[in-house]
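Working through the structure, step by step
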Amino acid sequence: MMTSTSVHRLLDEAFAGLPATPDVQDLKEEIRANLLDRVAELTAGGVAPDEAARRAVDELGDVRALAEEASGPAAEGGMLTPPTASPATSSAAAAAAARRPVPVARRYVAGVVVASAVALLALAPLVTVVALVLGNADRLEPGSYMVLAAMAVGLILSGPAVGWIVAASLMRETASSYGMPRRRATAYGVASALLVVGVVAGVESVLVFDRVYVVFQTAVPLLVAGGAWLAYLVATQTNRHKPWVLEQARQHAQVGDRFERDPAAAARFGIYAVVLWTLTGAAFLLVGFTVGWLWALLPALLGVAAFMLMVARMLFGADHGNDRPVP
Amino acid sequence: MQKESGTTSDGGADAFAADLLRGHTDTIVLGVLRREDRYGFEIYKAIRDATGGDYEIKEATLYAAYRRLVKDGLVEAYWGDESQGGRRKYYRITDAGRAVYRRNVDAWVVTRRTIDSLLDLKGS
């Protein structure tokens, strides 16, 4: 193939002398595929293969400057490089504007308050009934129309109220994130509404029919559908963070945490953790068997608290942003 | 961006239009990606076709825009799985990209109205 050898040769020439960093290689491969397409288009229009290759490479413009940028410090996302001129997205002024806290919309806050009130009011009768049933260990009288009406209201209103809160919150722009597009936010809202309705329907059907297995007909299909949809949405979710958040994350990643720099500290942490949890487990069983299982929660809680203190001191305690060598 | 006969025959008007277009490269790329994921040559072609082939954004300008957009989290890049020929690098718009696109389009609509009225065009 005359065309391709010619294109590949010209591409190699354009990239000659540049350091073969992953970023530069990446750019070169990307350009290669696009060049081949352009050459194919030109030759289909009757241009001779060699001429087509030359013209395609000429059309690229100043690739060298681009490749040099890709091989330079900008590739590491370092903060030493001046921001590239970009009127649309990342000029300093735009960054400052994007970082400004977003004012809270009154309508949104009012909506969330109303929706929360609706959800709570809709579920209050149901929760009361459940509490009564559990308290008496006795069966509910399903004949009461009042109870049935309260249950229907709970079933109908709770899901949409929660779904609305979810969707409206996702659509809100915050200081660190952009608002989600309406369609996607609505999908999240509907999926979470399905989950809420599933739980409510499950509890209510058990109360009304007094059989546990009815949840397989009422709650489980809704929960599976809502859960699957939610999982799909989360799996396909793209970035919503603002550029300054990403920049900060890159800088933090460069700094790294203490365990990455000091493997011995990580090993010590692992041993301490095993000792701590062994002792906590032993204390839990001891207190549980001797005093009572309710009191056994106390050593468990103490264990969690001690673990958190350990994390705070060992992972984050040593360095306060300076480069003091770790002892 | 249509040529008016006579006025754009000199290079100055052409350069003016090309400059205007280039100033909105990032937003244009976001707009092209809004419906589906595309790779470099497709994006280039979409822009070329939309301008009737009169003005084009240089590919080097586009590559710089992709880098910037990826860095800012407005698009994501991934390699396609073509078995033959070069592998294509596809770009996918993120939710952040959609938000920025919408905001820039709103700003453009306002600006266009202002410029139209400043240039004393009728029908604005």
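Residues numbered from 1 in each chain as written. Chains lettered and ligands numbered in written order. Predicted model: local features only at pLDDT ≥ 70, side-chain atom pairs only at ≥ 80, totals over all residues.

Our focus in this paragraph is the overall build of chain A. Scanning chain A from N- to C-terminus turns up 13 helices and zero strands. For chain A, the sequential pattern of α-helices and β-strands runs α-α-α-α-α-α-α-α-α-α-α-α-α. The buried share of chain A, taken over its 327 residues, is 22%. Pairs at least 24 residues apart make up 67% of the contacts formed inside chain A by residues separated by at least 6 positions. (Helix = DSSP H or I, 4+ residues; strand = E, 2+ residues; numbered from the N terminus. Buried ≥ 20, exposed ≤ 12 C-beta atoms within 10 Å, placed from the backbone. Contact = placed C-beta atoms within 7 Å.)

This paragraph deals with the overall build of chain B. A count of helices and strands for chain B gives five helices and three strands. Secondary structure elements of chain B occur, N-terminal to C-terminal, as α-α-β-α-α-β-β-α. Per-residue burial over chain B gives 32% buried out of 124 residues. In chain B, the proportion of contacts linking residues at least 24 apart, taken out of those at least 6 apart, comes to 51%.

Let's shift gears to the packing of helix α2 (residues 25-33) of chain B against helix α3 (residues 40-50) of chain B. Residue and element names in this part refer to chain B. Where α2 contacts α3, the axes come no closer than 10 Å and their chain directions differ by 105°. Taken as axis vectors, α2 and α3 run roughly perpendicular relative to one another. In contact with Ile28, Val29 and Val32 of α2, α3 contributes Ile43, Ala46 and Ile47. Its residues assigned to classes, the contact of α2 with α3 comprises six nonpolar, no polar and no charged. (Axes fitted to C-alpha atoms, helices over the stretch in contact; angles between N-to-C directions. Parallel < 35°, antiparallel > 145°, perpendicular 65-115°, else oblique. Nonpolar A, V, L, I, M, F, W, Y, C, P; charged D, E, K, R; others polar.)

Residues and elements named next belong to chain B. One open sheet holds the three strands; their spatial order is β1-β3-β2, and the pairing between them is antiparallel. This sheet does not close on itself; its edge strands, each paired only once, are β1 (38-39) and β2 (75-79). Bridge analysis of β2 against strand β3 (residues 89-93) gives five bridges, and the strand direction is antiparallel. Note on β3: the bridge partner recorded for Trp79 is Lys89. (Pairing = 2+ DSSP bridges.)

On to the pairing of β3(B). In the sheet, β1(B) pairs with β3(B) via two bridges, with the strands oriented antiparallel. Looking at β3(B), one finds that Arg38(B) is bridged to Tyr91(B).

Right, let's get into the nonpolar core. One finds Leu35(A), Val39(A), Ala56(A), Val29(B) and Leu62(B) to be the most contacted residues of the largest nonpolar core, which totals 43 residues. Looking at this core element by element, the count peaks at eight residues for helix α2 (residues 22-44) of chain A. The next biggest cluster of nonpolar side chains, apart from the first, holds 28 residues, and it includes Val162(A), Ala191(A), Ala193(A) and Leu194(A). (Core = buried A, V, L, I, M, F, W, Y, C linked by C-beta atoms within 7 Å.)

A few words on the confidence of the model for chain A. Residues and elements named next belong to chain A. Mean pLDDT for chain A: 81, with 83% of residues reaching 70 or above. Looking across chain A, the model is least confident in helix α5 (residues 92-99), with a mean pLDDT of 56, and most confident in helix α9 (residues 219-235), with 94. Below a pLDDT of 50 lies the segment residues 74-90, which in the model reaches 36 contacts outside its immediate sequence neighbourhood of four places, other chains included. (pLDDT = per-residue confidence, 0-100.)

Turning to the packing of helix α7 (residues 145-171) of chain A against helix α8 (residues 182-209) of chain A, a few remarks are in order. Residue and element names in this part refer to chain A. Packing of α7 against α8 leaves a shortest axis separation of 7 Å and a crossing angle of 150°. The orientation of α7 relative to α8 falls into the category roughly antiparallel. Seen along the crossing, α7 lies across α8 with a hand that is right-handed. Across the contact of α7 with α8, the residue classes tally to 17 nonpolar, seven polar and two charged. (Left-handed = near helix turned anticlockwise from the far one by under 90°.)

Attention shifts here to α8(A). Given a rise of 1.5 Å per residue, 28 residues ought to cover 40 Å, and the 39 Å separating the end C-alpha atoms of α8(A) matches this to within 8%. Of the residues one or two after α8(A), Asp210(A) is the one with positive phi, at around 60°. (Expected span 1.5 Å × (residues − 1).)

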